[in-house]
Amino acid sequence: NAGVTQTPKFRILKIGQSMTLQCAQDMNHNYMYWYRQDPGMGLKLIYYSVGAGITDKGEVPNGYNVSRSTTEDFPLRLELAAPSQTSVYFCASTPGKANWGNQPQHFGDGTRLSIL
Amino acid sequence: TQLLEQSPQFLSIQEGENLTVYCNSSSVFSSLQWYRQEPGEGPVLLVTVVTGGEVKKLKRLTFQFGDARKDSSLHITAAQPGDTGLYLCAGVGSTGANSKLTFGKGITLSVRP
């Protein structure tokens, strides 16, 4: 099983450019999440989705957008890249619904993004 | 906002030593998860604790959930270089209704051969 696949693995953007970080899971999971990880800061939730067509803001949503048109895919969009968005981005999924808190979150290997 | 404080932030020890690290909060959690993350990879779940006072063992790793479900500890016996990594705790709010985890900032462990 591929699990959670994130593309690209690395990217350098110029200030003001836009891009989409891709995330796909093949486990038929209902819940999907986007986190950013900065040194010494753990994981901060950007957006999450509990099913196709449903998305909600996390702790740090400003400057990002998401969509969830299918169960499998949960892309993260940066519209106007800023240096503060330099980070490592992780996508995760979990089966969700009942007892979701007892289920593991399955993470991708991350996208390392630098904004210059 | 529910916060999880992890301590110590950094720990460097010699192979064979024992260690205990902590995950503390003033809030009650319905469950708490521990993840380990290695460089260049995403976090991987080690354990989920659900019941206050619960103790779970994973080989040389022992996890405990506080009686009041506000804190947790991880004890490693005879640490090995393979234990090196970032250890993250994550909590599910007491209602469990908001579908998201709260992560601590993590503990960076280095085990020297």
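Given the structure is predicted, the values throughout are model-derived calculations rather than measurements.

1. Overview of the overall build of chain B
Part 1 of the argument: The number of helices and strands found in chain B is zero helices and 11 strands.
Part 2 of the argument: Listing the helices and strands of chain B from first to last along the sequence gives β-β-β-β-β-β-β-β-β-β-β.
Part 3 of the argument: The C-alpha atoms of chain B give 14 Å as radius of gyration, which agrees with the globular expectation for 113 residues (13 Å, within 12%).
Part 4 of the argument: Taking the principal axes of the C-alpha coordinates as reference, chain B spans close to 45 × 30 × 20 Å.
Part 5 of the argument: Expressed as a percentage of the 113 residues in chain B, the buried residues total 46%.
Part 6 of the argument: Working note: accessible area of chain B is about 5,200 Å², and carbon and sulfur atoms make up 50% of it.
Part 7 of the argument: Taking the average location of the 10 positive side-chain charges in chain B and that of its 9 negative ones, the two points are 5 Å from each other.

2. Quick word on the nonpolar core
Residues and elements named next belong to chain B.
Part 1 of the argument: Of all hydrophobic cores here, the largest spans 23 residues; its most connected members are Leu19, Leu32, Trp34, Leu74, Ile76, Tyr87 and Leu109.
Part 2 of the argument: If you list the elements that add at least two residues to this core, you get strand S2 (10-14), strand S3 (19-24), strand S4 (29-37), strand S5 (44-49), strand S7 (61-65), strand S8 (71-76), strand S9 (85-93) and strand S11 (107-112).
Part 3 of the argument: Discounting residues that sit within four places of it in the chain, Leu74 has contacts with Leu19, Thr20, Val21, Trp34, Leu61, Thr62, Phe63 and Tyr87.

3. Things to note about the state of the cysteines
All names here are of chain A.
Part 1 of the argument: Using the criterion set out here, one finds two disulfides over all chains in the structure.
Part 2 of the argument: Each sulfur of the disulfide joining Cys23 and Cys91 lies 1.9 Å from the other. Of note, the bridge from Cys23 to Cys91 carries an S-S torsion of about -70 degrees and is left-handed in sense. Here Cys91 lies in strand S9 (residues 87-94) and Cys23 lies in strand S3 (residues 19-25), a separation of 68 residues in the sequence. Each member of the pair, Cys23 as well as Cys91, is classed as buried.

4. Structural notes on unusual backbone geometry
Part 1 of the argument: With an omega of -5 degrees, the peptide bond running from Thr7 of chain A to Pro8 of chain A counts as cis.
Part 2 of the argument: Checked against the element boundaries, Pro8 of chain A lands in the loop between strand S1 (4-7) and strand S2 (10-13).
Part 3 of the argument: The omega torsion of the bond from Ser7 of chain B to Pro8 of chain B falls at -10 degrees, within 30 degrees of zero and hence cis.
Part 4 of the argument: Structurally, Pro8 of chain B can be placed in the loop between strand S1 (5-7) and S2.
Part 5 of the argument: The phi angle at Lys59 of chain B is positive, at roughly 55 degrees, despite the residue not being glycine.
Part 6 of the argument: You can call Lys59 of chain B exposed: its relative accessible area is 83%.
Part 7 of the argument: Even without glycine at this site, Ala78 of chain B takes up a positive phi of about 50 degrees.
Part 8 of the argument: Tracing the backbone through its elements, the reader meets Ala78 of chain B in the loop between S8 and S9.
Part 9 of the argument: Judged by its relative accessible area of 25%, Ala78 of chain B falls in the partly exposed class.

5. Focus: the pairing of S9 of chain A
Every regular strand shows the same layout, with side chains that alternate between the two sheet faces.
Residue and element names in this part refer to chain A.
Part 1 of the argument: When you tally the buried positions in S9, you get seven out of eight residues, the bulk of the element.
Part 2 of the argument: Bridging between strand S4 (residues 31-37) and S9 involves seven bridges; their strand directions are antiparallel. The residue bridging Tyr35 from the neighbouring strand is Phe90, located in S9.
Part 3 of the argument: Note that S9 and strand S11 (residues 111-115) share three bridges and pair antiparallel.

6. With respect to the sheet that holds S8 of chain B
Residue and element names in this part refer to chain B.
Part 1 of the argument: Read from one edge of the open sheet, five strands run S1-S3-S8-S7-S6, paired in antiparallel fashion. The sheet terminates laterally at S1 and strand S6 (55-58), the two strands that pair on one side only. Strand after strand, the sheet turns through a mean of 15 degrees between neighbouring axes, direction not considered.
Part 2 of the argument: Pairing of S1 with S3 involves three bridges; the strand directions are antiparallel. Within S3, the residue paired with Ser7 across the bridge is Tyr22.

About the criteria used
- Residues numbered from 1 in each chain as written.
- Chains lettered and ligands numbered in written order.
- Predicted model: local features only at pLDDT ≥ 70, side-chain atom pairs only at ≥ 80, totals over all residues.
- Heavy atoms only, no water.
- Helix = DSSP H or I, 4+ residues; strand = E, 2+ residues; numbered from the N terminus.
- Rg over C-alpha atoms; globule rule 2.2 N^0.38 Å.
- Buried < 20%, exposed > 50% of the residue type's maximum accessible area, 1.4 Å probe, protein only.
- Areas by Shrake-Rupley, 256 points an atom, 1.4 Å probe, with all protein chains shown as cover.
- Lys, Arg positive; Asp, Glu negative; His and termini not counted.
- Charge placed at Lys NZ, Arg CZ, Asp CG, Glu CD.
- Core = buried A, V, L, I, M, F, W, Y, C linked by side-chain atoms within 4.5 Å.
- Contact = heavy atoms within 4.5 Å.
- Disulfide = S-S within 2.5 Å.
- Pairing = 2+ DSSP bridges.
- Axes fitted to C-alpha atoms, helices over the stretch in contact; angles between N-to-C directions.

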